[in-house]
Structures are given as structure tokens and as C-alpha cells.
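# Chains, contacts and geometry: an overview
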Amino acid sequence: MRALVMVDIQNDFCPGGALAVPGGDEIIQPTNNLLSEFDCIVQTQDWHPQDHLSFASNHEGKEPYETIELDYGEQVLWPDHCVQGSEGAAFHPDLETNASQVVVRKGFRKHIDSYSAFFENDNETVTGLHGFLQERGVDELFVVGLATDFCVKWTVLDGLKLGYKINLVEDAVRGIDLNGSVDKAMQEMKDAGVNLTYSKDI
Ligand code: VGL
Ligand code: ZN
């Protein structure tokens, strides 16, 4: 059984948003076109408290895109984005969300960032998505969304580790691209065994 996973298609990751991904809104049409192909549709939603540790504004003297070391490793500091309940955290208004069966929120714990749809960045705290998919008999995922080099990448890598067959829909993802991070992410996902596909082929 297959599922579509739409990662973080939220206003703040689209042009005009607080952490805009170049061309982020271009993925909406191909994503909407895919919905009728799936019986199981999942969305993730980045959902941070205002005092979240991933915001540069919460670290004296730090600017967005600098990095800090945390217990769980390196953390990129971001502009304030996807604050719980804000317009920026809402799904893009053109995204068709009525068919979504579950929304997985992530990044709501002040002290842990969360890129992957499966685990928070400590690699330990679970979101519950794996349990949901297992109970639904899902063994193959089609992943679309934002951003290729962060939340999409970690969702794909964790999903592969958990044993799912994973298809990345290349025309329905876009990246932030910090120092070549999109190319690096694509390589990491390919090395880990992702299958690349296009929305028109699904
Ligand atoms: C994301 C950076 C911070 C993403 C979320 O959705 O890729 N990136 N929070
Ligand atoms: Zn975030």
C-alpha cells in the first residue's frame, strides 16, 4: 500500500514567507495533481513555539544561517518561522488539503528541532508517523514538499532506514540550498536508496 507524504507546504516556506524556499510554490500544482492517485495522504507541518531553540532570535548575538553545537549535533539557526498558530505556519492556500488523513506536527518542543517526519533531530524522539503507517499497511511512500535539503531529506533518509520503499517526486520538491546543500542532499538520498520519479509518471 502506498502513501503520499507532503512535507511542510506552508506559507513561510513559499515566496513571501519568513524562510522562503526559491520556487517553493511551484510544487503546489504537481502536488495537487497527484492527490487522486492515493488512498492514504499525510501532511507534515513545522510548528514551533516562539521561544524555539532553532530561531537565531533566541540566541544572543547570532544571525540566521549561523550554526551552533547542541547535544544532538550541529543546529542551523533560522529566521523565526512557522510559529504555532501564525499565518506563516498555515498550509499554502492553493494546496488542496481536504483529502489529507493525518497531519503530523513537528518542532513543537522548545529544545529539539525536528526535520524528519519520523524522528526529531535527537534521532530518538518519535513523531508517531511510523506507527500510523504500519497500522495502515503502508510500505511505500511518495514524498513531495519543502525543503529538499532539510525536512524532505531527513524524511527520506529516516523512512529508508525504517524499511519503506521511498520515491522522491523530483518536480514537487524545492530546496533552501545553503552552500550546495541541495546537491549534497540529492546524493545522500540516492546513496541511501531513494527512487527518483516525476509526478506525471505516478
Ligand atoms: C525546514 C528549516 C527549518 C524544512 C523546517 O521544512 O525543511 N527547514 N524548519
Ligand atoms: Zn522549522
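Up top you'll find the structure we're talking about.
Bear in mind that the values here come from a model prediction, so they are computed numbers and not experimental data. (Residues numbered from 1 in each chain as written. Chains lettered and ligands numbered in written order. Predicted model: local features only at pLDDT ≥ 70, side-chain atom pairs only at ≥ 80, totals over all residues. Heavy atoms only, no water.)

### Here we look at the layout of surface pockets
Looking at the largest pocket, its volume works out to about 580 Å³. Along the wall of the largest pocket there are 25 residues; nearest its centre are Glu-74, Tyr-115, Phe-150, Lys-153 and Trp-154. Mapped by element, the contributors of at least two residues to the lining of the largest pocket are β4 (73-76), α3 (148-161) and α4 (181-192). With 5 residues, the top contributor of residues to the lining of the largest pocket is α3. For the lining of the largest pocket, a count of residues per class yields 9 nonpolar, 9 polar and 7 charged. (1 Å grid on protein atoms, 1.4 Å probe; cavity = no way out; pocket = protein on both sides within 12 Å on 5 of 7 lines; lining within 4 Å. Points joined across faces, edges and corners; volume = space filled by probe spheres on them. Helix = DSSP H or I, 4+ residues; strand = E, 2+ residues; numbered from the N terminus. Nonpolar A, V, L, I, M, F, W, Y, C, P; charged D, E, K, R; others polar.)

### Concerning the sheet that holds strand β7 (residues 165-174)
Read from one edge to the other, the open sheet built from 6 strands follows the order β5-β2-β1-β6-β7-β8, with strand pairing classed as parallel. Each end of this open sheet is capped by a strand with a single partner; those strands are β5 (102-106) and β8 (195-197). Neighbour-to-neighbour, the strand axes of the sheet open up by a mean angle of 25 degrees, direction not taken into account. Judged from the 3 bridges that link them, β7 and β8 form a sheet pairing that is parallel. Bridged to Leu-168 within β8 is Leu-196. Running at roughly 170 degrees to β7, α3 makes contact with β1 (2-7), β5, β6 (140-146) and β7 of the sheet. (Pairing = 2+ DSSP bridges. Axes fitted to C-alpha atoms, helices over the stretch in contact; angles between N-to-C directions. Contact = heavy atoms within 4.5 Å.)

### Thoughts on α4
Spanning 12 residues, α4 covers 16 Å between terminal C-alpha atoms, matching the ideal 16 Å at 1.5 Å per step. For α4, the full list of buried residues reads Ser-181, Val-182, Ala-185, Met-186 and Met-189. The buried residues of α4 occupy an angular sector of 140 degrees when the element is viewed end-on, so they sit on one face. For α4, exposure combined with an orientation more than 90 degrees from the buried face picks out Asp-183, Lys-184 and Asp-191. Residues of α4 that are buried in the fold lie against α3, β7 and β8. (Expected span 1.5 Å × (residues − 1). Buried < 20%, exposed > 50% of the residue type's maximum accessible area, 1.4 Å probe, protein only. Arc of directions from axis to C-beta.)

### A few points about the packing of aromatic side chains
Given two aromatic rings, one states the distance between the centres and the angle between the planes to describe the pair. On inspection of all chains with the given rule, the structure shows 5 aromatic pairs. Measuring from ring centre to ring centre gives 4.9 Å for Trp-78 and Phe-150, while their planes differ by 90 degrees; the resulting arrangement is edge-to-face. With Trp-78 in the loop between β4 and β5 and Phe-150 in helix α3, this pair connects stretches of sequence that are 72 residues apart. Assessed through its relative accessible area of 2%, Trp-78 is described here as buried. Classification of Phe-150 as buried rests on a relative accessible area of 11%. Taken together, Tyr-65, Trp-78, Tyr-115 and Phe-150 form an aromatic cluster joined through their ring pairs. The side chain of Arg-2 reaches across the aromatic face of Phe-38, ending 4.8 Å from its centre. Positioned over the ring face of Trp-47 is Arg-105, at 3.7 Å from the centre of the ring. (Phe/Tyr/Trp six-rings, centres within 6.5 Å; stacked < 30°, edge-to-face > 60°. Lys NZ or Arg CZ within 6 Å of the ring centre and 35° of its normal.)

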